[in-house]
Structure formats: structure tokens, C-alpha cells
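Each chain, written out:
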Protein chains: 2
Amino acid sequence: MPSPDLAFRAHDHARCAASALHAAQTLCAARNLRLTPARARVLEILLEAHRALGAYEILERLREDGQPAQPPVAYRALNFLCENGLAHRIERLNAFVACVDPQAEHDAAFLICRRCDRVAESPRDQDAGHLGAAAADAGFAIERTVVEALGLCPDCQGGQP
Amino acid sequence: MPSPDLAFRAHDHARCAASALHAAQTLCAARNLRLTPARARVLEILLEAHRALGAYEILERLREDGQPAQPPVAYRALNFLCENGLAHRIERLNAFVACVDPQAEHDAAFLICRRCDRVAESPRDQDAGHLGAAAADAGFAIERTVVEALGLCPDCQGGQP
DNA sequence: TCTTGTCCTGTTACAAGGTAACAGTTAAGC
DNA sequence: GCTTAACTGTTACCTTGTAACAGGACAAGA
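This section reports on the structure supplied with the text. Quick caveat, the model's predicted, so the values are computed rather than measured.

**Topic: the sheet that holds strand S5 (residues 141–152) of chain B**
For step 1, the next point in the chain: Taken together, six strands build an open sheet; the order of strands is S4(A)-S3(A)-S5(A)-S5(B)-S3(B)-S4(B) and the sheet is mixed. The two strands at the open ends of the sheet, each matched to only one other strand, are strand S4 (119–122) of chain A together with strand S4 (119–122) of chain B. On average, adjacent strands in this sheet sit at an angle of 20° to one another, irrespective of strand direction.
For step 2, the next point in the chain: Bridging between strand S3 (residues 109–113) of chain A and S4 of chain A involves four bridges; their strand directions are antiparallel. Residue pairing in the sheet places isoleucine 112 of chain A in a bridge with valine 119 of chain A of S4 of chain A.
For step 3, the next point in the chain: Those strands touched by helix H5 (residues 130–138) of chain B are S3, S4 and strand S5 (141–152) of chain A together with S5 of chain B, and its axis lies near 40° from that of S3 of chain A.

Dropping the structure here:
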């Protein structure tokens, strides 16, 4: 898996995007999922941006391709991508990022820069310490866990808040 | 601090609401904050509901008190309550809960029932395992962390999904 | 090859969540 | 009492998300 802080370091975006797209194609073929042109295009947009994008930003870019596009177009593709572990929703931002390491549905943790909106995905500590125990205690059945840390990335530190 | 699973157990709501409201008053007095009638009323509404409420649900209840009320009224009160640790925003639901143990600004973790929207607050494992380390590694400065587990509470398990 | 069912797309119309900006009012400090 | 800062009321608007329905593509089996 790529290093968790990759998003915050200089690197070859084009190459990491291409490799993620390829991984997505492989994964879909293996699982008999249809990575249709619309879905692939949305994934590509996310990969190119390499940061969290709102659904309406994605829509704009779809429109730049020449077609009109209404909100459900973006949301359907995003739902597909999120359900299949190819992208993640960032609740805090009402936005979406491509997954750097697509694989079967998986929870992840995120470092979100509140200045530049770049998002780094970090592998998840499975039972999340206390929380798993507290849930078991309460008889609560956890299905999915969102972990989002908000702060400043290295580039945005130093300087005004 | 109240047991983390309190929200999922039968208990005397009226009493726990009254005690939380009292704690809030004490805390505001101590910190020289103005718990104005509008703010207190919103907190009371949250405490009575004893689950996550959307801003517009809160608005409805404010209107039931007889006054008209526009969205900024609710949002201002909610901002005040969240900033001062008297309530928490649940990102996943775009909703708010009263804090069961008001105190200086603090992060918490939540167990959210996706059927009945009840929310239990659990004390937070401070550095959240891997994440703190990954952040340090990346040079990322964490300011606030959101941890939300989605699932089914004891009462909503068994039966349809 | 035709048919049928299933999944995907296009589009309209709207619901829900959230905020900027400005005018007026209250409270606290001097 | 006067000034200043903080809070409230209101208008108007922007952003995010979804329900519902019609039409199209495609694979599987008769």
C-alpha cells in the first residue's frame, strides 16, 4: 500500500492516478462489476484532482467534457465507487476522494487539511481501541466506522491560522 | 462520567436532562459564557430529544414555542454549544446531540444507530492508535478528530436490516 | 433471433442543510 | 449615561442531496 502521507508529498500524480485507475479496472473485472464510462470518468476526475472534491465540482468537470450532467449522474457514480471501495466519502467536507489502494470494501482513516483540502488516507487500526470495547459493552453492533482528523498539512503550517 | 451506553438503556431522561442542563449552567458561569435563553432552549431541546436532531428539527421545536424562527437562530445556538463542548455535531447525520458530560472542548467518539438515530457518546482514546503515529510521520498537525461508528443499537438488532 | 428482465442513464423537480449580510437590541464596562 | 461589544431578527440566497419516472443497453435463455 502507498505510504499514508503520499498525498502531502511531491510525487508523480499522473502516474499514481494511472496506476489507481488500472487497479480499479482489474478489481472490477475480478468482481464482475461494471466500471462503465460514466463511472470511470468520475473516478478519473477524482484521481486527477488528488484531493477531496464535492459532487458539484465533479459535475462541473463532467460538463467540461461537453455533455450536460445533472446531479444524479455524479451521485450515482460516487455511490458505486464508494460501495465498492474505489472512493471514500469525507463526511466532514461533504466531499469525495479516490481510494489510493482500492480493494474490497474497507474502512479507512483520513488526515484532512482544512486549508488546502488535501486528504491523506491512512490504514485503519481495526478495533479502534476503546470504541470496540465500549460498543461490545453496550451491545452495539458496529458496521462501519468513520475516522477523520482535521488539521494542517505540512505545507499549510506556519503562517496564519 | 455517565456510562457510554447510557443512551441505549432505559433510564430517567428527565433527570439526566436536568442534570446536564445544570452542569451546562455551572460551566458557563465558571467560564464567563452567556448561556442566553435562546441557547439554553436549544440545549434543552437536544437534551429532551436524547438523540441526534437536525438543525431544522430544532427549528420546528423552537417554532412550537410560539415564536417564528429562522435557520440562523438555530445555527448560532448550535455553534455556541459545539464550540464550548456542550453539544456535538454528528457529521454523518448532519445533526447534533447534547453532550452528556459537558466540559472544556473535547473530542469524543460516537456510536450511532442507523435505525433510530440514537447516539451514544464514548470517551475518546486519545491518540487513536495508528493515526497519531501516521500523522506525526507525515508532519500533519491534528487539531480535531471525528470518530463515528455506524451500526445497530441493541433495540434495533434482530429483524430486518 | 427474439424476448425478457436487469441494470444503467437522462432529466425534471424539489427537499434538506447551511450562510452572508445588515439592521436592531441588549448587556457590560467605563 | 455613554460607548462598545455581543447577541438577536430577518431576508435572501447558496450548496448538497434525492425521489421518481422515462428511455436505452445488454446478457441470457426460449
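**A short note on the protein's contact with DNA strand D**
For step 1, the next point in the chain: Around DNA strand D, 15 residues are found, and the nearest of them are Tyr56, Tyr75 and Arg89 of chain A together with Thr36 and Arg76 of chain B.
For step 2, the next point in the chain: Among atoms of DNA strand D positioned within 4 Å of the protein, sugar and phosphate together represent 43%.
For step 3, the next point in the chain: At a separation of 2.4 Å, a phosphate oxygen of DNA strand D approaches a polar side-chain atom of arginine 89 of chain A.
For step 4, the next point in the chain: Between DNA strand D and arginine 39 of chain B, the relevant distance is 3.2 Å, taken from a phosphate oxygen to a side-chain nitrogen or oxygen of the residue.
For step 5, the next point in the chain: Elements that contribute at least two residues to the surface near DNA strand D include exactly helix H4 (71–83) of chain A together with helix H2 (37–49) and helix H4 (71–83) of chain B.
For step 6, the next point in the chain: The dominant element in the surface near DNA strand D, judged by the number of residues it contributes, is H4 of chain A, at four residues.
For step 7, the next point in the chain: By residue class, the composition of the surface near DNA strand D is seven nonpolar, three polar and five charged.

**With respect to the interface of chain A and chain B**
For step 1, the next point in the chain: Taken together, the contact pairs 39 residues of chain A with 39 residues of chain B.
For step 2, the next point in the chain: Of the roughly 3,100 Å² buried between chain A and chain B on both sides combined, carbon and sulfur atoms contribute 58%.
For step 3, the next point in the chain: Summed over the shared surface of chain A and chain B, the result is four salt bridges.
For step 4, the next point in the chain: Here arginine 92 of chain B makes a salt bridge to glutamate 91 of chain A, at a shortest N to O gap of 3.4 Å.

**Some points on helix H1 (residues 13–31) of chain A**
Residue and element names in this part refer to chain A.
For step 1, the next point in the chain: For H1, built from 19 residues, the straight-helix expectation of 27 Å at 1.5 Å per residue is met to within 8% by its first-to-last C-alpha distance of 27 Å.
For step 2, the next point in the chain: Within H1, the full set of buried residues consists of Ala17, Ala20, Leu21, Ala24, Leu27 and Cys28. Across the axial projection of H1, the buried residues extend over an arc of 125°, all falling on one side. The exposed residues of H1 that point more than 90 degrees off its buried face are Arg15, His22, Ala29 and Ala30.

**Quick notes on the pairing of strand S2 (residues 95–98) of chain A**
Residue and element names in this part refer to chain A.
For step 1, the next point in the chain: The alternating pattern of S2 places Ala95 and Val97 and Phe96 and Ala98 on opposite faces, both of which are buried.
For step 2, the next point in the chain: By the bridge criterion, four bridges tie strand S1 (residues 87–90) to S2 in an arrangement that is antiparallel. If you follow histidine 88 over to S2, its bridge partner there is valine 97.
For step 3, the next point in the chain: As consecutive antiparallel partners, S1 and S2 are separated by four residues, and within that stretch asparagine 94 has a phi angle of approximately 45°, a positive value.

Criteria and cut-off values
- The residue count restarts for each chain, going from 1 along the sequence in the order it is written.
- Both sets of labels track the order of writing: A upward for chains, 1 upward for ligands.
- A pLDDT threshold of at least 70 governs which residues receive local features in this predicted model, and a stricter bar of 80 or more applies before side-chain atom pairs are shown or counted, although totals over entire chains, interfaces and linings include all residues.
- Note that the side-chain values use all heavy atoms of the structure and ignore hydrogens as well as water.
- One requirement defines pairing of two strands: DSSP has to find at least two bridges between them.
- Secondary structure follows DSSP: runs of H or I at least 4 residues long count as helices, runs of E at least 2 residues long count as strands, and numbering of each begins at the N terminus.
- Inter-axis angles, ranging from 0 to 180 degrees, are taken between N-to-C directions of lines fitted to C-alpha atoms, where helices are fitted over the stretch in contact.
- Note on definitions: a residue-residue contact is assigned when non-hydrogen atoms from the two residues lie within 4.5 Å.
- We call a residue near a molecule or strand whenever a single non-hydrogen atom of that residue lies within 4 Å of it.
- In the analysis that follows, any N or O atom pair within 3.5 Å is treated as a polar contact, provided that within protein one partner can donate a hydrogen and the other can accept it, and provided that, for residues neighboring in sequence, both atoms belong to side chains.
- Under the convention adopted here, Pro, Cys and the residues Ala, Val, Leu, Ile, Met, Phe, Trp and Tyr are nonpolar, Asp, Glu, Lys and Arg are charged, and Gly plus all remaining residues are polar.
- Defined here as a combined quantity, buried area equals the accessible surface (1.4 Å probe) lost by two parts on assembly, summed across both.
- The term salt bridge refers to a pairing of a side-chain nitrogen on Lys or Arg with a carboxyl oxygen on Asp or Glu at a separation within 4 Å.
- The length a helix should cover is 1.5 Å for every residue beyond the first.
- Burial classification: accessible surface area is computed with a 1.4 Å probe over protein chains only, and a residue below 20% of its type maximum counts as buried, one above 50% as exposed, and the rest as partly exposed.
- Taken from the helix axis, the directions to the C-beta atoms give the arc we talk about.

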